[in-house]
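Structural overview
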Amino acid sequence: MTLFLIDIYIQDSLEEYSFNQRGVELLTRANVVANITSQYIEYSDELIKQTIKQLEIDKNIRVIVTDKEAKVLFDTAEANNLKGKVLLKEEVVKALKGNDVQTHFEEETGWVINAAVPIVKEKETRGVVYLSTSAQNIVDFLKDFRKKLYGITLVVSLLIGLLSFFLAGVITGPVEELTAAIRDMSDGKLNRKVEIRGNDEIAQLGTAFNKMIERLNQVEEKRHQFVSDASHELKTPLSSIKVLAESLMHMQQLEMPIIKEFLSDINNEINRLSRIIDKLLMLTRMDIFENELEMKNVNMKALLQGIVKSLSPLAGKKGIELRLKANEDIFVLVDEDKIWEAIFNIVDNSIKYTPEGGNVTIDIDKSEYSVTIIVEDNGIGISGTEINKIFDRFYRVDKARARETGGTGLGLSIALDAVKLHGGDIQVESEEGKGSRFKITIPYRET
C-alpha cells in the first residue's frame, strides 16, 4: 500500500513538472516574439514569420498575435485560421492586463498547453502573443511511465513479500524454537537446548538460554545427589539405632553393663544424627540467605584463639600439638559466625585426620588486599584424584575413619560456602602420608 501511495505522489509530481516545464518554454518563446514585435510601428506577417523561423519554433506550436482589442492580426494555423476575428480566450484577456499566463487543460481533441504574454511598447500594452501546442506527447509519456512504475512496484512488492516471508521464517523460527524450549522447561523438561544460528540478539538469547539449561541441569543433578546422600546419611544412624533397640528388646536376660553399652551406642548414633541435621540446616541457610551477611569488624587473632581453645580438648585426646601463629591484632570486616564456622571446620577436619602425636598449625597473614589463614597438618593427606572432591557435600576421603571420628562429609562444603560468601576462596595442597595445607583467603576490609 505504501509503495502505491509513493507511486501516486511520483506521478503527480512528474505530471506537474512536465506541464510546468513545457509552459515555461512556451512563455519564453512568446516573450521573445513579443519583444521583437514591439520594436516595429506596424505589424507585418512577414516579420512575424521571419521571427518564428529564426526562433525555430516548432510547427506544432500555434502562434497568434492580437492587437490591444484582442483582434487577431496573425495566426499560423492553416485550418480554422482566426485572422481578423476577436480572440477572447481567458489567457488573452489576462495578458492584455499586463500578465504573463500559462495554462494546460484537456479539450475534446486532447491535452493542450497555452501561453500568452503582452506586447508592451513605451509602457503601453499594444497586443498579445498567444502560443498553443498539444500536450499529447507529455500525456503519452506519463501514461507509459505509469505502466512501467506500476510494473516495477508490483515486482518490488512481490520481492519484498518473498523477502519478508523468508526473514519472518529466519527471525520467528528461532523465537518459536526458544518459546517451545521455555515451555518444556516450565513443564520440568530440562534436556532441550536450542540451536544457535548466527550471532544476532536472538542467537545471544539462545546461548544464554542454553547456559541456563546447563546450569539448571547441574543444580538438579546436585539436588538429586544431595537428597540421595542426605537420605543415606540420615538413614545410617537411624538403622543403627533401630538394630540396637531391637537387639535390646529381644534379649531374654538384660544385664546392666550390656544395657549401658547398647544405650551408649544409641546415644552416639543420636549425636551423629543431630550433627548431620545441624550441618544440613546450616547449608540450607547459606543457600537461601547467601547474600545476607552480618558484617562487622572482627579481631581475627581473637577469633582464632577462640577456635584453638574450643578444639584443644579434641587435640589433647590424640596428643596433637595445636599451635597458633598470630603476633598482632588484625581487624577485618566479616560475618563472625560464618567465618568462625569455616575455620573451625577446617581445623577440626585437620585434627580428625592427623594421627596421634601429630601437629596442626594455624597461621595468619595480612596484605594490602587480603587476609590469609593457613591451616597445616602432618596427617594422612589426600590423593591427587580426591583433592578436587573434598568440598563436595557428603564426600569423605576415608569413610571408615570418618564414621569413627563422627565426620559427616559436610564440614569442608560449609567452610567453602562461607568463605565464598565473603568473596574469598580456599586452596588445598596435600600429599598422601605427609599432610595437608589449607589456604583460606578473604578480602581485607576494615570498614
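Residues numbered from 1 in each chain as written. Predicted model: local features only at pLDDT ≥ 70, side-chain atom pairs only at ≥ 80, totals over all residues. Heavy atoms only, no water.

As summarised here, the arrangement of the five strands in space is 2-1-5-4-3, forming an open sheet in which the pairing is antiparallel. Two strands in the sheet have a free side with no partner beyond their single neighbour: strand 2 (72-75) and strand 3 (101-107). Direction aside, the axes of adjacent strands within the sheet are offset by 20 degrees on average. The sheet strands contacting helix 1 (residues 2-37) are strand 3, strand 4 (110-121) and strand 5 (124-134), and the helix crosses strand 4 at an angle near 30 degrees. Docked against the sheet, helix 2 (residues 45-54) engages strand 1 (62-67) and strand 2, running at close to 40 degrees with respect to strand 2. (Pairing = 2+ DSSP bridges. Helix = DSSP H or I, 4+ residues; strand = E, 2+ residues; numbered from the N terminus. Axes fitted to C-alpha atoms, helices over the stretch in contact; angles between N-to-C directions. Contact = heavy atoms within 4.5 Å.)

Parts of the prediction with low pLDDT should not have their coordinates interpreted in detail. When the pLDDT values of the protein chain are averaged, the result is 80; 84% of them are 70 or greater. Mean pLDDT across the elements of the protein chain ranges from a minimum in helix 9 (residues 399-405), with 47, to a maximum in strand 10 (residues 370-377), with 93. Scored below 50 in pLDDT, residues 399-405 shows twelve contacts in the model against residues more than four places distant or in partner chains. (pLDDT = per-residue confidence, 0-100.)

To continue, consider the packing of aromatic side chains. With the rule as written, the count across this model stands at three aromatic pairs. When the centroid spacing of 6.2 Å and the interplanar angle of 25 degrees are considered together, the rings of Phe141 and Phe145 count as stacked. Here the residue Phe141 and the residue Phe145 both occupy positions in helix 4 (residues 136-186), the gap between them amounting to four residues, near one helical turn. Since its relative accessible area comes to 43%, Phe141 is described here as partly exposed. Consider the rings of Trp340 and Phe344, whose centres lie 6.4 Å apart with planes at 15 degrees: the pair is stacked. Pair noted here: Trp340 and Phe344 are both in helix 8 (residues 336-352), with a separation of four residues, about one helical turn. (Phe/Tyr/Trp six-rings, centres within 6.5 Å; stacked < 30°, edge-to-face > 60°. Buried < 20%, exposed > 50% of the residue type's maximum accessible area, 1.4 Å probe, protein only.)

Okay, a negative patch on the surface next. A contiguous patch of negative charge on the surface is contributed by Glu328, Asp329, Asp363 and Asp365. Here Glu328 shows up in the loop between strand 7 (321-325) and strand 8 (331-335). (Patch = residues over 30% accessible without salt bridge, like charges linked within 9 Å, V, L, I, M, F, W, Y side chains within 5 Å. Areas by Shrake-Rupley, 256 points an atom, 1.4 Å probe, with all protein chains shown as cover. Salt bridge = Lys/Arg side-chain N within 4 Å of Asp/Glu carboxyl O. Lys, Arg positive; Asp, Glu negative; His and termini not counted. Charge placed at Lys NZ, Arg CZ, Asp CG, Glu CD.)

Scanning the entire structure with this criterion turns up 13 salt bridges. Residues joined in a network through salt bridges with shared partners are Arg22, Glu25 and Arg29.

Here we have five strands laid out as an open sheet, ordered 7-9-10-12-11, and mixed in their pairing. Of all the strands in the sheet, the pair left with one neighbour each is strand 7 and strand 11 (425-431). Sheet twist, expressed as the mean angle between neighbouring strand axes with direction ignored, is 10 degrees. Pairing of strand 11 with strand 12 (residues 435-443), which is carried by seven bridges, proceeds in the antiparallel orientation. Residue Ser430 lies in a different strand from strand 12, and its bridge partner there is Ser436. Running over the sheet, helix 10 (residues 411-421) touches strand 11 and strand 12 and is turned about 140 degrees from strand 11.

Attention now moves to the packing of helix 7 (residues 300-317) against helix 8. Contact geometry for helix 7 and helix 8: axes closest at 10 Å, N-to-C directions at 40 degrees. Remark: the crossing between helix 7 and helix 8 carries right-handed chirality. Contact with helix 7, carried on its side by Met300, Leu303, Leu304, Gly306, Ile307, Ser310, Leu311, Leu314 and Ala315, involves Glu336, Ile339, Trp340, Ile343, Phe344, Val347, Asp348 and Ile351 of helix 8 and no other residues of that element. (Left-handed = near helix turned anticlockwise from the far one by under 90°.)

Positionally, Asp337 belongs in helix 8. Residue class for Asp337 comes out exposed when judged on its relative accessible area of 57%. Here the alpha-carbon distance between Asp337 and Leu303, two residues 34 residues apart in the chain, equals 9.8 Å.

The next thing to look at is a nonpolar patch on the surface. Residues Phe4, Leu5, Ile8 and Tyr150 make up a contiguous nonpolar surface patch of about 350 Å² in total accessible area. Among the elements that make up the nonpolar patch, the one with the highest residue count is helix 1 (three residues). Here Ile8 lies in helix 1. When its relative accessible area of 41% is taken as the criterion, Ile8 is described as partly exposed.

This part takes up the nonpolar core. The biggest cluster of nonpolar side chains holds 41 residues, and the ones touching the most others in it are Met300, Leu322, Ile343, Val347, Ile373, Ile426 and Phe438. Counting residues per element, the ones that place at least two in this core are helix 7, strand 8, helix 8, strand 9 (359-366), strand 10, helix 10, strand 11 and strand 12. Looking at this core element by element, the count peaks at seven residues for helix 7. Every residue in contact with Ile373, bar those within four places of it in the chain, is listed here: Met300, Leu304, Ile343, Ile362, Asp363, Ile364, Phe438, Lys439 and Ile440. (Core = buried A, V, L, I, M, F, W, Y, C linked by side-chain atoms within 4.5 Å.)

Let's shift gears to the pairing of strand 9. Looking at chain direction, strand 7 and strand 9 are connected through five bridges and run parallel. Bridging across to strand 9, Arg323 finds its partner in Thr361. Both strand 9 and strand 10 contribute to a ladder of seven bridges, which runs antiparallel. Note on strand 10: the bridge partner recorded for Asp365 is Thr372.

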